[in-house]
Amino acid sequence: MSGRIVKPGVAPVVVLVGPPGAGKSTVGRLLAERLGVTFRDTDADIEQLAGKPIPEIFIDEGEPHFRELEVRAVRAAAETHDGVLALGGGAVMAEATRTLLKGLPVVFLEVALGDAVKRVGLDAPRPLLAVNPRAAWRELMEARRPLYLEVATAVVDTEGRPPEQVADAVLEALELKY
Ligand SMILES: Nc1ncnc2c1ncn2[C@@H]1O[C@H](COP(=O)(O)OP(=O)(O)OP(=O)(O)O)[C@@H](O)[C@H]1O
Ligand SMILES: O=C(O)C1=C[C@@H](O)[C@@H](O)[C@H](O)C1
Ligand SMILES: [Mg+2]
């Protein structure tokens, strides 16, 4: 495989964005293993910061508070993390976050409604998809697609591809070798 060799120590080597169910956390972990770098997920950072799971933050303090924590978590990670970084599905809604992502290798993981809803249905609940997940997912994707595209340096389709193949496609898209 040709391409640039990953040199940790400067900035995130890959940032993954995309809607719930795109596989950012799953593929991010695989990519970090392949590249021999660490993995960080802003959703996990927020839970640590708040001392509780994301659904409880939504219930106790509301979404606006969650989004404030998210901007802080993305800033801290973008400025200090030198491995693979997965963002929460809604992180790109904050203009401050989109600004932070400028110049970084950001990959938008694409997924269609059917696959996404099937995937998240097997998981821990996402507060925004708790009621009528199909309609909610479609609505949030309509609002966010332009924002994912705005920050992305590459787009990778995950449809019908297992996570290992998606990881391969990300490495290829960014011309990263390991
Ligand atoms: N390419 C794939 N094919 C099949 N299943 C997948 C794929 N990628 C992820 N999954 C599964 O889909 C579910 C959601 O994946 P994951 O948590 O990685 O998504 P996410 O993009 O991080 O979502 P969120 O925005 O909510 O954090 C998990 O159960 C995971 O195992
Ligand atoms: O799409 C969203 O807005 C979210 C996605 C998850 O990653 C979490 O960040 C949270 O559940 C909100
Ligand atoms: Mg995730």
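Residues numbered from 1 in each chain as written. Chains lettered and ligands numbered in written order. Predicted model: local features only at pLDDT ≥ 70, side-chain atom pairs only at ≥ 80, totals over all residues. Heavy atoms only, no water.

Looking at an unreviewed UniProt entry, the chain carries the name Shikimate kinase, with the source organism given as Kitasatospora atroaurantiaca. As recorded by UniProt, the Pathway (unreviewed entry) comment attached to the chain reads in full: "Metabolic intermediate biosynthesis; chorismate biosynthesis; chorismate from D-erythrose 4-phosphate and phosphoenolpyruvate: step 5/7." (UniProt positions renumbered as here; feature names shortened; annotations may be inferred.)

Draft legend 1. Seen up close, the UniProt feature "binding site: substrate" (unreviewed entry) in the chain. Mapped onto the present numbering, the UniProt feature "binding site: substrate" (unreviewed entry) falls on Asp 43, Arg 67, Gly 89 and Arg 144. Its place among the elements puts Arg 67 in helix α4 (residues 63-80). If we ignore the near neighbours within four places in the chain, the residues touching Arg 67 are Phe 58, Gly 90, Ala 91, Met 93, Leu 128 and Arg 144. Summarising the element assignment, Gly 89 is placed in the loop between β4 (84-86) and α5 (95-101). A residue is classified by how much of its surface remains accessible, and Gly 89, at 13% relative accessible area, is buried. When sequence neighbours within four positions are dropped, the list of residues in contact with Gly 89 reads Gly 18, Pro 20, Lys 24, Arg 144 and Tyr 148. (Helix = DSSP H or I, 4+ residues; strand = E, 2+ residues; numbered from the N terminus. Contact = heavy atoms within 4.5 Å. Buried < 20%, exposed > 50% of the residue type's maximum accessible area, 1.4 Å probe, protein only.)

Draft legend 2. Main features of the nonpolar core. In terms of nonpolar packing, the biggest core is built from 49 residues, with Val 14, Val 17, Leu 31, Val 107, Leu 109 and Val 170 touching the most fellow members. When residues no more than four places from it in sequence are discounted, the contact partners of Leu 109 are Leu 16, Val 17, Gly 18, Pro 19, Ala 22, Gly 23, Lys 24, Val 27, Val 156, Thr 158, Val 166 and Val 170. Among the nonpolar cores identified, the runner-up in size contains seven residues, and Ile 46, Ile 54, Phe 66 and Leu 69 belong to it. (Core = buried A, V, L, I, M, F, W, Y, C linked by side-chain atoms within 4.5 Å.)

Draft legend 3. Here's a closer look at the side chain of Thr 158. One can find Thr 158 in the loop between β6 (154-157) and α8 (163-174). Accessibility expressed as a relative area gives 1% for Thr 158, which makes it buried. Excluding its chain neighbours within four sequence positions, the residues that come into contact with Thr 158 are Ala 22, Leu 109, Glu 110, Val 111, Arg 119 and Val 166.

Draft legend 4. Inspection of the pattern of salt bridges at higher detail. The full count for this structure, using the stated rule, is 10 salt bridges. Asp 168 is the partner of Arg 34 in a salt bridge, and the nearest nitrogen-oxygen pair spans 2.5 Å. Taken together, the positions of Arg 34 in helix α1 (residues 24-35) and Asp 168 in helix α8 put the pair 134 residues apart, joining distant regions of the chain. A relative accessible area of 35% places Asp 168 in the partly exposed class. (Salt bridge = Lys/Arg side-chain N within 4 Å of Asp/Glu carboxyl O.)

Draft legend 5. Examining the site of ligand 2 more closely. Every residue near ligand 2 is listed here: Pro 20, Asp 43, Ile 54, Phe 66, Arg 67, Glu 70, Gly 88, Gly 89, Gly 90, Pro 127, Leu 128 and Arg 144. At 2.7 Å, a side-chain N or O of Arg 67 approaches an oxygen atom of ligand 2. Here an oxygen atom of ligand 2 sits 2.7 Å away from a polar atom, N or O, in the side chain of Arg 144. Alone, ligand 2 offers 310 Å² of accessible surface; in the complex the protein occludes 93% of this. No other element matches the three residues that α4 contributes to the shell around ligand 2. For the shell around ligand 2, the residue count by class is five nonpolar, three polar and four charged. (Near = heavy atom within 4 Å. Polar contact = N/O pair within 3.5 Å; in protein donor to acceptor, adjacent residues only side chain to side chain. Areas by Shrake-Rupley, 256 points an atom, 1.4 Å probe, with all protein chains shown as cover. Nonpolar A, V, L, I, M, F, W, Y, C, P; charged D, E, K, R; others polar.)

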